[in-house]
Amino acid sequence: MALQGPEELGEQVEEPEDLDDQDASSISPAEEITLPPGPGGDEEPEETVLLPWDRFSAWLHCICVVGFDLELGQAVEVIYPHHSKLSEKEKTSICYLSFPDSNSGCLGDTQFCFRFRQGSNKKSSLGSFLETTDRDAPPCLKREQGHYYGYVYFRQVRDKSLKRGYFQKSLVLISKLPYVTFFHSLLKIMAPEYFEKQEPCLEAACNDIDRWPTPHPGRILTLPIMGVVIKVRIPTCYDKPGTSQLVQSAQSDSLVSIVLPTIHEVDLFRCFYPVFFHIQMLWELVLLGEALVVMAPSPAESSDTVLALVSCISPLRYCSDFRPYFTIHDSEFKEYTTRTQAPPSVILGVTNPFFAKTLQHWPHIIRIGDMKQAGEMAKQMKVKKLKNLKTLDSKPGVYTAYKPYLNKDEEIIKQLQKGVQQKRPSAAQNAILRRYFLELTQSFIIPLERYVASLMPLQKSISPWKSPPQLRPFIQQDFMKTLEKAGPQLTSRLKGDWIGLYRHFLKSPNFDGWFRNRRREMTQKLEALHLEALCEEDLQQRIQKHTEVETVDLVLKLKDKLSQAEREQLPVRPGTLSKLRAHIEAVILTLPEDLQGILHKPSTP
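Residues numbered from 1 in each chain as written. Predicted model: local features only at pLDDT ≥ 70, side-chain atom pairs only at ≥ 80, totals over all residues. Heavy atoms only, no water.

Student: Is there a simple way to think about the overall build of the protein chain in this case?
Tutor: A tally of helices and strands in the protein chain yields 20 helices and 13 strands. Across the 605 residues that make up the protein chain, the buried fraction comes to 53%. Summarising the internal contacts of the protein chain: among those between residues at least 6 apart in sequence, 75% fall at separations of at least 24. (Helix = DSSP H or I, 4+ residues; strand = E, 2+ residues; numbered from the N terminus. Buried < 20%, exposed > 50% of the residue type's maximum accessible area, 1.4 Å probe, protein only. Contact = heavy atoms within 4.5 Å.)

Here it is, written out as structure tokens:
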């Protein structure tokens, strides 16, 4: 008897997208959707595991107030809750990234976001709980593992009573969640109150957040904050891409002040407007993980443009580093600006004129002007040569020597131009552009999905008494052969060198991240099918032929399978784990009492 224990997967587990299709398709966006049960349908009540501040921690790491001191410069003045931990390096990053560069001239209120490396890989006490809530999130909305996001509300107003002549302060939300639209909306409520009433209202806001339900994908949540109620829905990986998910339910909405149609999407059309003749080329550069720098007049425009670039390949996750707002004080400044090696696969958003010189050697530079001046159509139709980029005052445009693989799609340009001439609402223009990028990405990714699905062993090859079969390897030549009959030409009208684009993509971090994720999902699917096959076996009959030692060995291996399924949240059918527990218990009861006592003890981790 050789029931082999599978190799442990050390990576975070995500549920395969092809699971429970019938359930996913039957979900109406208007309904309040609850999470699917945990492994084997044994859902744990959330109330029993959550301690004070756990709910807050599910949304935010902490809230910081960053002020300007004449002697110290930028400094973190307050951290809420007070027990929140930040390393000195993290505090320094937050200080420099929470203020616009002095040349930006941001008077009044400015909102933007940044992203920085986590100082040390702190293990949250909520780790496994947060993995559960993350399980059904779309790839682009999963929690960051090694980075934090900082969402900033910066206020700069004249104040003659201060030596510097200006009041300068930022309220910053630090989170692992990429819910940019949601957190900016939250800051619009919190920051004006804070600047007026100071610290007591921050404490009240933290207490409000600690009463929120956790951000489970698929649920419509009503979130009270400082007398205002926000209504949101966290998307799931089962949602149909490109559809709006939140529909108001009239009866209960009398108390709702703000309904957010999206928690994370930026206005693509507004962000790409200054360079919109080149949107297709920019899509290729992001898809291929090329080194890109966005030079903008302010952190708001810089961060919005970087986030728009990252999201233009959705539902594919952008797997390289990206910094919506990057400064010369950043701890990665030397690493990312060195000329001794090729620029890394990263997208940087900058505002300091110094970068025009420092990043001159970068292969692709996007220069954008003031987005507020969007009355007339952008005129920069030609791609500019890099040598023409001398200063940050250079004209808006894309500076690169890159030759796109695909022919230019004139139809989308005409459609958007027509929209500008006819004064089509910005939301409609944004929807057209988002749909265009979605269809382009799906046309590109479907042949890869189809080929990878063919690497899955047949279900009949799964035997309960042998190790689960392995996935067949990804062979580039075999994949390329499938493109002739089942390539992107089936769903896209675009012509060009698709083969060259795929070849380049297969060497990129985005392919590596996507394939690792798919392989993990499919390996888990095989483990789940193996577990289900095991549960259908008559174990009582089988152990009659076993010695006592072999029976104990079987129990230990079944317990290993059970703990693996729970730890990795294997996508098994509801009731499977309960069945397995019953099988284990029945087998243990056939053994002598002394062995029963030993085997009933919980195994030490």
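Student: Even after reading the chapter, I still don't get the pairing of strand 9 (residues 292-295), so can you show me in this structure?
Tutor: One face of the sheet, then the other: side chains in a regular strand alternate in exactly this way. Here strand 9 shows a buried face lined by Leu292 and Val294 and a second buried face lined by Val293 and Met295. Of the strand pairs in this sheet, strand 9 and strand 11 (residues 346-350) are connected by 4 bridges, and their pairing is parallel. Directly across from Val293, in strand 11, lies its bridge partner Leu348. Here strand 9 runs beside strand 12 (residues 364-367); their pairing, made up of 4 bridges, is parallel. Of the residues in strand 12, the one forming a bridge with Met295 is Arg367. (Pairing = 2+ DSSP bridges.)

Student: Would you mind showing me how to read the packing of aromatic side chains here?
Tutor: Geometrically, a pair of aromatic rings is defined through the distance of the ring centres and the angle of the planes. In total, this model carries 42 aromatic pairs according to the counting rule given. Taking the centre distance of 5.7 Å and the plane angle of 55° together, the rings of Tyr451 and Phe479 count as tilted. Note that Tyr451 is positioned in helix 13 (residues 426-453) and Phe479 in helix 14 (residues 476-486), a separation of 28 residues in sequence. Exposure class is identical for Tyr451 and Phe479. Each is buried. Over the ring of Phe322 we find Arg115, and its NZ or CZ is 4.1 Å from the ring centre. Sitting over the ring of Tyr148, Lys176 keeps its end group 4.8 Å from the ring centre. (Phe/Tyr/Trp six-rings, centres within 6.5 Å; stacked < 30°, edge-to-face > 60°. Lys NZ or Arg CZ within 6 Å of the ring centre and 35° of its normal.)

Student: What's the story with the nonpolar core in this structure? I'm lost.
Tutor: Soluble globular proteins: nonpolar side chains tend toward being buried together. Trp59, Phe182 and Leu448 are the most contacted members of the largest nonpolar core, which has 113 residues in total. Counting residues domain by domain, this core receives three or more from each of domain 1 (54-210) and domain 2 (273-524). (Core = buried A, V, L, I, M, F, W, Y, C linked by side-chain atoms within 4.5 Å. Domains from an automatic or database assignment.)

Student: For this particular structure, what's the right way to read the environment of Val310?
Tutor: Mapped onto the secondary structure, Val310 falls in helix 9 (residues 299-311). In the structure, Val310 is positioned 37 residues away from Ile347 in sequence and 8.3 Å away in space, judged by C-alpha atoms. Discounting chain neighbours no more than four positions away, the residues touching Val310 are Val286, Tyr318, Phe322 and Ile347.

Student: For this particular structure, what's the right way to read the pairing of strand 5 (residues 166-175)?
Tutor: Within strand 5, 8 of the 10 residues are buried, which leaves it mostly tucked inside the rest of the structure. Direction of pairing for strand 1 (residues 62-69) relative to strand 5: antiparallel, over a ladder of 6 bridges. Bridge pairing in strand 5 links Val66 to Ser170. The pairing of strand 4 (residues 147-158) with strand 5 spans 10 bridges and is classified as antiparallel. Looking at the pairing, Val152 lines up with Val172 of strand 5.

Student: Looking at this structure, I do not really get the pattern of salt bridges. What am I missing?
Tutor: A side chain with one charge may pair with a side chain of the opposite charge, provided their charged atoms come close. What the rule picks out here adds up to 27 salt bridges. The closest approach of N and O atoms between Arg117 and Glu332, which form a salt bridge, is 3.5 Å. Residue Arg117 is located in strand 3 (residues 108-117), and its partner Glu332 is located in the loop between strand 10 (321-323) and helix 10 (333-337); the two are separated by 215 residues in the primary sequence. Between Glu536 and Lys579 there is a salt bridge, with the nearest N and O atoms lying 3.0 Å from each other. (Salt bridge = Lys/Arg side-chain N within 4 Å of Asp/Glu carboxyl O.)

Student: Sorry if this is basic, but what is going on with the packing of helix 13 against helix 14 here?
Tutor: Helix packing geometry: the angle between the two helix axes and the distance between the axes. Contact geometry of helix 13 with helix 14 gives a least axis separation of 10 Å together with a crossing angle of 120°. By the angle between their axes, helix 13 is oblique relative to helix 14. As helix 13 packs across helix 14, the resulting crossing turns out to be right-handed. On helix 14, the residues that touch Pro447, Leu448, Arg450 and Tyr451 of helix 13 are Asp478, Phe479, Thr482, Leu483 and Ala486. Classifying every residue of the contact of helix 13 with helix 14 gives 6 nonpolar, 1 polar and 2 charged. (Axes fitted to C-alpha atoms, helices over the stretch in contact; angles between N-to-C directions. Parallel < 35°, antiparallel > 145°, perpendicular 65-115°, else oblique. Left-handed = near helix turned anticlockwise from the far one by under 90°. Nonpolar A, V, L, I, M, F, W, Y, C, P; charged D, E, K, R; others polar.)

Student: Quick question: what am I supposed to make of the sheet that holds strand 1 here?
Tutor: Sheet strands pair by backbone hydrogen bonding; their relative direction is either parallel or antiparallel. Spatially, 5 strands are ordered 2-1-5-4-3 in an open sheet, and the strand pairing comes out antiparallel. Strands with a single pairing partner mark the edges of an open sheet, and in this sheet they are strand 2 (73-80) and strand 3. Strand-to-strand twist of the sheet, defined as the mean angle between neighbouring strand axes without regard to direction, takes the value 25°. Of the strand pairs in this sheet, strand 1 and strand 2 are connected by 7 bridges, and their pairing is antiparallel. Bridging from a neighbouring strand, Val66 pairs with Val76 of strand 2. On top of the sheet, helix 6 (residues 199-209) reaches strand 1, strand 2 and strand 5; it is set at about 50° to strand 2, its chief contact.

Student: Honestly, the sheet that holds strand 6 (residues 220-225) in this entry has me stumped. Any pointers?
Tutor: Reading across the sheet, the 3 strands line up as 6-7-8 and stay open at both edges, with mixed pairing between neighbours. Edge positions in the sheet fall to strand 6 and strand 8 (258-259), since each has one partner strand and no second. By the bridge criterion, 2 bridges tie strand 7 (residues 228-233) to strand 8 in an arrangement that is parallel. Residue pairing for strand 8: Ile230 is matched across the bridge by Ile258. Strand contacts of helix 5 (residues 180-197): strand 6, strand 7 and strand 8, with the helix running at about 180° to strand 7, the strand carrying the most contacts.

Student: I'm lost on the packing of helix 16 (residues 509-535) against helix 18 (residues 548-568) in this one. Help?
Tutor: Taken N-terminus to C-terminus, the directions of helix 16 and helix 18 make an angle of 135°; their axes are 11 Å apart at the nearest point. In terms of orientation, helix 16 lies oblique with respect to helix 18. The way helix 16 lies across helix 18 gives a crossing that is left-handed. On helix 18, the residues that touch Gln524, Glu527, His530, Leu531 and Leu534 of helix 16 are Leu558, Lys561, Gln564, Ala565 and Glu568. The class makeup of the residues in the contact of helix 16 with helix 18 is 4 nonpolar, 3 polar and 3 charged.

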